[in-house]
Amino acid sequence: QVQLVESGGGLVQPGGSLRLSCAASGFTLADFTIGWFRQAPGKEREGVSCISNSDSSTAYADSVKGRFTISRDNAKNTVYLQMNNLKPDDTAVYYCAADPRLWDGVPEENEYAFWGQGTQVTVSS
């Protein structure tokens, strides 16, 4: 069965780091563009980063550029989001999602076919 499972969230102080994992089962992750999204209470879900299924091209939201890094390990069928220099505004539930289409640019949110259940990231002193 198709499934995405996020892990690695937790409580961290400002300036700290976390690495989130998105593990796929029931499909080959290398065939999909994988995106990371986040949603804070009372706010709309926003795109954070994505990595393509073609040449592993990456894209980042301006708010995380230079601090977050997305990568994939096809042997482990897993995509990672390394988050450094975390800020309180990064506090949110983080979701990964998969888009099966060939890369034609950064996918729209409604173009992702599969979603995980999310992992909580809290940045606080």
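See the structure shown above.
Quick summary incoming for the structure in this document. Since the structure is predicted, the reported quantities are computational estimates derived from the model, not experimental observations. (Residues numbered from 1 in each chain as written. Predicted model: local features only at pLDDT ≥ 70, side-chain atom pairs only at ≥ 80, totals over all residues. Heavy atoms only, no water.)

**Regarding the sheet that holds strand β1 (residues 3–7)**
Phase 1: Reading across from one edge, β1-β3-β8-β7 is the order of the four strands in this open sheet, with antiparallel pairing throughout. Pairing within the sheet leaves two strands with one partner each, and these edge strands are β1 and β7 (68–73). Neighbour-to-neighbour, the strand axes of this sheet turn through a mean angle of 15 degrees, independent of strand direction.
Phase 2: In terms of strand pairing, β1 meets strand β3 (residues 18–25) through five bridges, oriented antiparallel. Of the residues in β3, the one forming a bridge with Gln3 is Ser25. (Pairing = 2+ DSSP bridges. Helix = DSSP H or I, 4+ residues; strand = E, 2+ residues; numbered from the N terminus. Axes fitted to C-alpha atoms, helices over the stretch in contact; angles between N-to-C directions.)

**Things to note about the state of the cysteines**
Phase 1: Per the stated rule, a full pass over the model turns up one disulfide.
Phase 2: Linked covalently through their sulfurs, Cys22 and Cys96 form a disulfide whose S-S length is 2.1 Å. Here Cys22 and Cys96 share a disulfide; its torsion about the S-S bond, 75 degrees, makes the bridge right-handed. One end of the pair, Cys22, is in strand β3; the other, Cys96, is in strand β9 (residues 92–99), and 74 residues separate them in sequence. Each member of the pair Cys22 and Cys96 is classed as buried.
Phase 3: We note that Cys50 lacks a disulfide partner, and the nearest cysteine sulfur, in Cys22, lies 13 Å from it. (Disulfide = S-S within 2.5 Å. Buried < 20%, exposed > 50% of the residue type's maximum accessible area, 1.4 Å probe, protein only.)

**Some words on the packing of aromatic side chains**
Phase 1: Throughout the structure, instances matching the rule amount to six aromatic pairs.
Phase 2: Among the aromatic residues, those joined into a ring-pair cluster are Phe27, Phe32 and Phe114.
Phase 3: We note Arg19 situated over the ring of Tyr80; from NZ or CZ to the ring centre the distance is 4.2 Å.
Phase 4: It is Arg45 that lies over the ring of Tyr95; its NZ or CZ is 5.9 Å from the centre. (Phe/Tyr/Trp six-rings, centres within 6.5 Å; stacked < 30°, edge-to-face > 60°. Lys NZ or Arg CZ within 6 Å of the ring centre and 35° of its normal.)

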